[in-house]
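So the chains spell out like this:
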Amino acid sequence: MKKLVAITCVSCAILAGCGGSPDAVSSGGGPIVALDPAKIASCWTSAGLQGDIYKFLTPAELGGLSKVGDASKDQVTAFKQCAAT
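Starting from 1, residues in each chain are numbered consecutively following that chain's sequence as written. Totals for whole chains, interfaces and linings use all residues, but because this is a predicted model, local features are given only for residues with pLDDT of at least 70 and pairs of side-chain atoms are given and counted only at 80 or more. Hydrogens and water molecules were not included; the side-chain quantities draw on all heavy atoms of the structure.

A.B. asks: Please clarify how the nonpolar core should be interpreted in this entry.
C.D. replies: Across soluble globular proteins, nonpolar side chains have a tendency to be buried as a group. To define a nonpolar core, start from buried Ala, Val, Leu, Ile, Met, Phe, Trp, Tyr and Cys residues and group those joined through side-chain atoms within 4.5 Å. Here the term buried applies to any residue with accessible area under 20% of the maximum for its type, exposed to any over 50%, and partly exposed to those in between, with areas from a 1.4 Å probe on protein chains only. With 16 residues, the main nonpolar core has Trp44, Leu49, Leu62, Leu65, Val68 and Phe79 as its most contacted residues. If you list the elements that add at least two residues to this core, you get α2 (40–46), β2 (65–68) and α4 (73–83). Should any heavy atoms of two residues lie within 4.5 Å, those residues are considered in contact. In contact with Trp44, not counting residues within four places along its chain, are Leu49, Gln50, Gly51, Ile53, Tyr54, Leu62, Leu65, Val68 and Phe79. Numbering of helices and strands runs from the N terminus; a helix is a DSSP stretch of H or I covering at least four residues, while a strand is a stretch of E covering at least two.

A.B. asks: Explanation requested: the state of the cysteines in the structure shown.
C.D. replies: What we call a disulfide is simply a covalent bond connecting the sulfur atoms of a pair of cysteines. Two cysteine sulfur atoms form a disulfide, by the criterion used here, when they sit within 2.5 Å. This model, assessed by the stated rule, comprises 1 disulfide. Residue Cys43 pairs covalently with Cys82 via a disulfide, S to S 2.0 Å. On the sign convention where negative means left-handed, the S-S torsion of about -65° between Cys43 and Cys82 marks this disulfide as left-handed. With Cys43 in helix α2 and Cys82 in helix α4, the pair connects residues that are 39 residues apart, well separated along the chain. Given a relative accessible area of 33%, Cys82 falls into the partly exposed group.

A.B. asks: Can you walk me through the side chain of Lys80 in this structure?
C.D. replies: When you line up the elements, Lys80 lands in helix α4. Of the polar contacts made by the side chain of Lys80, one reaches the backbone oxygen of Leu65; its length is 2.6 Å. Two N or O atoms count as a polar contact when they lie within 3.5 Å, although within protein this holds only if one can serve as hydrogen donor and the other as acceptor, and sequence-adjacent residues are included solely when both atoms are side-chain atoms.

A.B. asks: Would you mind showing me how to read the environment of Val76 here?
C.D. replies: Within the secondary structure layout, Val76 lies in helix α4. Separated by 13 residues in sequence, Val76 and Gly63 have C-alpha atoms that sit 9.7 Å apart. Setting aside chain neighbours within four positions, we find Val76 in contact with Leu65, Ser66, Lys67 and Val68.

A.B. asks: Would you take a moment to explain the packing of aromatic side chains for this structure?
C.D. replies: The description of two aromatic rings rests on the distance between their centres and on the angle between their planes. Pairs were defined over the aromatic rings of Phe, Tyr and Trp, the Trp ring being its six-membered one, requiring ring centres within 6.5 Å. Orientation was assigned from the angle between planes: stacked under 30 degrees, edge-to-face over 60, tilted for the rest. Summed over all chains, the structure comprises 2 aromatic pairs. Their ring planes at 45° and their centres at 5.2 Å tell us that Trp44 and Tyr54 sit as a pair that is tilted. Of the two residues, Trp44 is situated in helix α2 and Tyr54 in the loop between α2 and α3 (59–63); the sequence distance between them amounts to 10 residues. Just as Trp44 is buried, Tyr54 falls in that class too. Measuring from centroid to centroid gives 5.2 Å for Trp44 and Phe79, while their planes differ by 80°, and the two rings are edge-to-face. A residue pair is termed long-range when its members are at least 10 positions apart, and Trp44 in helix α2 and Phe79 in helix α4 qualify at 35 residues. Phe79 matches Trp44 in its accessibility class, with the two residues each being buried.

So, in structure tokens, the structure goes:
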């Protein structure tokens, strides 16, 4: 049930203008990194990632991200490294 709620929240955020493309947020294609929930918000901003989609995903889902909107792969990697436990 939690996954259904998370998927619905992500879908609503994308449709509301958080990226606009069908692949605005993509997981898979990379290793899943364990993230420290206390670091997520600050690391998201410091990596230059825009929007607040991180608020709607679990740390495990964020740890598996490979693409976020127009962000580069390096930005996503920097976020994961910063927020890693």
